[in-house]
Structures are given as C-alpha cells and as structure tokens.
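# Understanding the architecture of this molecule
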Amino acid sequence: MAVETRADMMILDEIMASCSCHLVEEKRLSDLLDSRPEQLELIMTGRNPSEALQARADYISEIKKVKHPFDNGVAAREGIEY
C-alpha cells in the first residue's frame, strides 16, 4: 500500500551560501522555484543571495549579531555554530 505525503513547507537551510560557494547551481534552485506546487511554502536561508534570487523573494530578513560567545574568546562549537 502506497502512502502519499504532501508537504506544504520546505526549508532549504543555508542554500544561499551553497549557491554563492558554487556547491549548488543557481539554475537548479531557479528550476525548483519554477516547478514547485503553488501550495508549497519554500524557505531558503543563507548569506549572499544573488540579485536574481532576491528579486524572486517574497520576504528577505537579515539577522545581526548583537552578542555572541565568540566575543569572549569562545571558539565555534560543533553542533552549535557548525
């Protein structure tokens, strides 16, 4: 018996960084945007989105560091910063 699962949200965490570092081709991401079902909310995170991807976005947010353990000499921690 096949079970059909329909998601209404997809989160592509750090996909923008993956594109800007050329790990993922921007065309593949654009193709995904073009072919996604209308009801699918697509959330893409990461730094340095291209101007073309920014133009297609409904929302763009920027998170700014105010305070971080790194400020007190704490190195990046596995499972937290990476």
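Residues numbered from 1 in each chain as written. Predicted model: local features only at pLDDT ≥ 70, side-chain atom pairs only at ≥ 80, totals over all residues. Heavy atoms only, no water.

- As recorded by an unreviewed UniProt entry, the protein carries the name Cob(I)yrinic acid a,c-diamide adenosyltransferase and is attributed to Hungatella hathewayi WAL-18680.

### Observations concerning the pattern of salt bridges
- Counted by the stated rule, this structure contains four salt bridges.
- The partner of Glu 81 in a salt bridge is Arg 77, with the nearest N and O atoms 2.7 Å apart. (Salt bridge = Lys/Arg side-chain N within 4 Å of Asp/Glu carboxyl O.)

### Regarding a nonpolar patch on the surface
- Residues Met 9, Ile 11 and Ile 43 make up a contiguous nonpolar surface patch of about 270 Å² in total accessible area.
- Counting through the fold element by element, Met 9 comes out in strand β1 (residues 9-12). (Patch = residues over 30% accessible without salt bridge, like charges linked within 9 Å, V, L, I, M, F, W, Y side chains within 5 Å. Areas by Shrake-Rupley, 256 points an atom, 1.4 Å probe, with all protein chains shown as cover. Helix = DSSP H or I, 4+ residues; strand = E, 2+ residues; numbered from the N terminus.)

### Section: the state of the cysteines
- Under the definition given, this model contains zero disulfides.
- With no disulfide of its own, Cys 19 lies closest to Cys 21 among cysteine sulfurs, the gap being 9.6 Å.
- The exposure class assigned to Cys 19 is buried, which follows from its relative accessible area of 10%.
- On the basis of relative accessibility, which here comes to 53%, the residue Cys 21 falls in the exposed class. (Disulfide = S-S within 2.5 Å. Buried < 20%, exposed > 50% of the residue type's maximum accessible area, 1.4 Å probe, protein only.)

### Some remarks on the nonpolar core
- Membership of the largest hydrophobic core is limited to eight residues, which are Leu 12, Ile 15, Met 16, Cys 19, Leu 29, Leu 33, Leu 42 and Leu 53.
- Elements supplying a minimum of two residues to this core: α1 (15-20) and α2 (26-35).
- The dominant element in this core, judged by the number of residues it contributes, is α1, at three residues.
- Among residues more than four places away in sequence, those in contact with Leu 12 are Leu 29, Leu 32, Leu 42, Ile 43, Met 44 and Thr 45. (Core = buried A, V, L, I, M, F, W, Y, C linked by side-chain atoms within 4.5 Å. Contact = heavy atoms within 4.5 Å.)

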